[in-house]
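Listed below are the residues making up each chain.
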Amino acid sequence: MTAARCLPTLFLALLAFVSALAQDIGWNVRFHGFADNREYAKSGGYSQTILGVRIAPEVRLILDSTHFLHGGINLLHEFGSTEANARQLLPTVYYNYKRSGHDFYIGMFPRNELLSGYHRALLNDTLAYYHPNIEGLLYRFGGNTFHQQIWIDWTSRQTEKDREQFIAGISGRAGMGLAYFSHGATLWHNAGTRNGTAEDAMPIRDNGAAMAKLGIDLSAVSFLDSLDISAGGLVAFDRLRGVYDWRIPKGFISDVYAEYRKIFIANTFYSGEPMAIVFGDRFYTADRYDRLELGWKPLQYKGLESKLTLSLHFTPGAIDNQQQFTLQYNIGRLYAKPR
């Protein structure tokens, strides 16, 4: 029996064992449908169309008001593909601690809400399609106007064939009336294989970026449903040990977002030195970049949100375009366990 076929059986066995210890049981189902057409040839990028659906049923076992145990599966299918990796089945198993502003996760847990605030310059859109779970730890502390979090995602365990790899990050935000300060940073560590020979060994690489911005949220004082303006600095850092020392390009970045009755417009502008951020958006390899998004949210209702977006990517001498439709549906409820 393959590992993929064993996952549902193991999950049901775990559920039956732990549910006997739980006081309450809840359930949740996440659906994510996406169609993303990327026409990047004019700037020398990789054009592709990504189409698929992902569904992630999950059971939550409530041990008490502080301790929670989650278990489920995460299934991806890409439309029209017959390759095995287009039908991805992943386990979702994690422990969550919540108390007095503290929020701690360990295991394999969904990334969509926890890392959704990261800028595309640090973590690109593609991760939401193909890397839905964090496999590691995350700790967050905060309240209504302040939060700070730190996390690590172990993406490859070191073996004789596989390199040791992980992504780590910090982020936070502090509100001061209408104004706020936000920051975020990521680091990708790519080490060697176990007992690798000098001939097939590759240098260890450390790559990442950090961003800090000041912003103002005018949603409460504007006729618009949402109006947010922010600007700050972006710094990348990259080192290939034994080949070159730290490279630290810098630049200026600004964002504007406005929304009115399901119609939105967003703009990101970057100017500075070219940056090679492995898990960031590739357009920041240009010294000047502007992203203009025009969008519509046609369906919004109790956990259902859809978004249709036309994006124009302006780099020196080229204009690329992207059309994206996403639909996310999150349903679930808690119910008391019969006694």
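Residues numbered from 1 in each chain as written. Predicted model: local features only at pLDDT ≥ 70, side-chain atom pairs only at ≥ 80, totals over all residues. Heavy atoms only, no water.

Visitor: When you look at the overall build of the protein chain in this model, what are you seeing that I'm missing?
Guide: In terms of helices and strands, the protein chain carries two helices and 18 strands. Split into buried and exposed, the 339 residues of the protein chain put 39% on the buried side. Within the protein chain, counting contacts between residues at least 6 apart in sequence, those at least 24 apart form 55% of the total. (Helix = DSSP H or I, 4+ residues; strand = E, 2+ residues; numbered from the N terminus. Buried < 20%, exposed > 50% of the residue type's maximum accessible area, 1.4 Å probe, protein only. Contact = heavy atoms within 4.5 Å.)

Visitor: For this particular structure, what's the right way to read a nonpolar patch on the surface?
Guide: On the surface, a cluster of nonpolar side chains totalling about 470 Å² of accessible area is made up of Trp27, Phe31, Ile55, Leu75, Tyr329 and Ile331. Looking at the nonpolar patch, the elements with two or more residues in it are strand E1 (24–39) and strand E18 (318–336). With respect to the element layout, Trp27 can be found in strand E1. (Patch = residues over 30% accessible without salt bridge, like charges linked within 9 Å, V, L, I, M, F, W, Y side chains within 5 Å. Areas by Shrake-Rupley, 256 points an atom, 1.4 Å probe, with all protein chains shown as cover. Salt bridge = Lys/Arg side-chain N within 4 Å of Asp/Glu carboxyl O.)

Visitor: Sorry if this is basic, but what is going on with the packing of aromatic side chains here?
Guide: Aromatic ring pairs are defined here through the distance separating the ring centres and the angle between the ring planes. If you walk through the whole model with that rule in mind, you get 15 aromatic pairs. Between Trp154 and Phe166, the ring centres sit 5.1 Å apart and the planes meet at 25°, which makes this aromatic pair stacked. On the criterion of sequence distance, the pair formed by Trp154 in strand E7 (residues 146–156) and Phe166 in strand E8 (residues 165–176) is long-range, its members being 12 residues apart. Exposure remark for Trp154: the relative accessible area of 36% places this residue in the partly exposed category. Summarising the aromatic geometry, the rings of Phe283 and Tyr289 are spaced 5.0 Å apart at their centres and angled 5° between planes, so their arrangement reads as stacked. One aromatic cluster is present, built from ring pairs that chain together Tyr40, Tyr270, Phe283, Tyr284 and Tyr289. Here the guanidinium or amino end of Lys297 rests over the ring plane of Phe264, the centre of that ring lying 5.8 Å away. (Phe/Tyr/Trp six-rings, centres within 6.5 Å; stacked < 30°, edge-to-face > 60°. Lys NZ or Arg CZ within 6 Å of the ring centre and 35° of its normal.)

Visitor: Any chance you could explain the side chain of Ser230 here in plain terms?
Guide: Along the chain, Ser230 turns up in strand E11 (residues 226–240). You can call Ser230 buried: its relative accessible area is 4%. A polar contact of 3.0 Å, which involves the side chain of Ser230, links it to the side chain of Lys213. Among residues more than four places away in sequence, those in contact with Ser230 are Tyr180, Lys213, Leu214, Gly215, Ser254 and Asp255. (Polar contact = N/O pair within 3.5 Å; in protein donor to acceptor, adjacent residues only side chain to side chain.)

Visitor: In this structure, what is going on with the environment of Asn190? I would like to understand it.
Guide: Considering the arrangement of structural elements, one finds Asn190 in strand E9 (residues 179–190). Sequence-wise, Asn190 and Glu164 are 26 residues apart; in three dimensions their C-alpha atoms are separated by 6.0 Å. Among residues more than four places away in sequence, those in contact with Asn190 are Arg163, Glu164, Gln165, Pro203, Ile204 and Arg205. Here the side chain of Asn190 touches Gln165 through a polar contact of 3.0 Å, side chain to side chain.

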